[in-house]
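Here's the letter readout for the chains.
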Amino acid sequence: MLTIGKLAQETGVKVPTIRYYEQIGLLPEPDRSAGNQRLYDRAHRDRLRFVRHARELGFPLDAIRDLLSLSDRPEASCAAADGIVREQLHAVRERIARLQALEEELARMIAQGCHGTIADCRVIEVLGDHALCAHDHAGGD
């Protein structure tokens, strides 16, 4: 059995985050010691590692909840899990496209440069007027 501190150390997840995951139901409530200390088993550790890895891959908590639910039913079809991953892949590709547009816009701003004083600075001018941007990047992350 692991204390919350040991679980945090083994998984790389901070103690407040572990408590939060318990609160929202991603981790089941652990048993308690006679002194009311949380005691976690291997299943808690494995589940927490799953959650951490999914978070590192950018999955939202609701998707992780769905994936955990699927993992609790090993006989279920993998199609639902594939669908969740496809949605995440689509979201990642959209973020990449927005970031590439931002990269191009920033490079364009630098290329147009600042010559002389701030009054003549293209960077300040473009930041002050979104219509001068070559890409629509409003509402990005």
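For the structure itself, look to the data block above.
Attention here is on the structure that accompanies the text. (Residues numbered from 1 in each chain as written. Predicted model: local features only at pLDDT ≥ 70, side-chain atom pairs only at ≥ 80, totals over all residues. Heavy atoms only, no water.)

Some remarks on the nonpolar core
To keep it simple, the criterion reads: Only buried residues count toward a nonpolar core, which is a set of Ala, Val, Leu, Ile, Met, Phe, Trp, Tyr and Cys residues joined through side-chain atoms within 4.5 Å. Any residue under 20% of the maximum accessible area for its type is buried, any over 50% is exposed, and the rest in between are partly exposed; the area is computed with a 1.4 Å probe on protein chains only. Strands are runs of DSSP state E lasting at least 2 residues, helices are runs of H or I lasting at least 4, and numbering of each runs from the N terminus. The contact rule is simple, with two residues in contact once any of their heavy atoms fall within 4.5 Å.
Of all hydrophobic cores here, the largest spans 21 residues; its most connected members are Ile 18, Tyr 21, Leu 48, Phe 59 and Ile 64. Of all the secondary structure elements, the ones that give two or more residues to this core are α1 (4-11), α2 (15-23), α3 (42-56), α4 (61-71) and α5 (79-112). Looking at this core element by element, the count peaks at five residues for α4. Not counting chain neighbours up to four residues away, the residues in contact with Tyr 21 comprise Val 13, Leu 26, Leu 27, Leu 48, Val 51, Arg 55 and Leu 61.

Some words on the packing of aromatic side chains
To be explicit about the condition: Centres within 6.5 Å make a pair out of two Phe, Tyr or Trp rings, where for Trp the six-membered ring is used; the pair is then stacked when the planes are under 30 degrees apart, edge-to-face when over 60, and tilted otherwise.
In total, this model carries one aromatic pair according to the counting rule given. Between Tyr 20 and Tyr 21 the ring centres are 6.2 Å apart and the planes differ by 45 degrees, which places this aromatic pair in the tilted class.

Focus: unusual backbone geometry
Phi at Asn 36 takes a positive value of approximately 70 degrees, unusual for a residue other than glycine. Inspection of the secondary structure assignment puts Asn 36 in the loop between β1 (31-32) and β2 (38-39).

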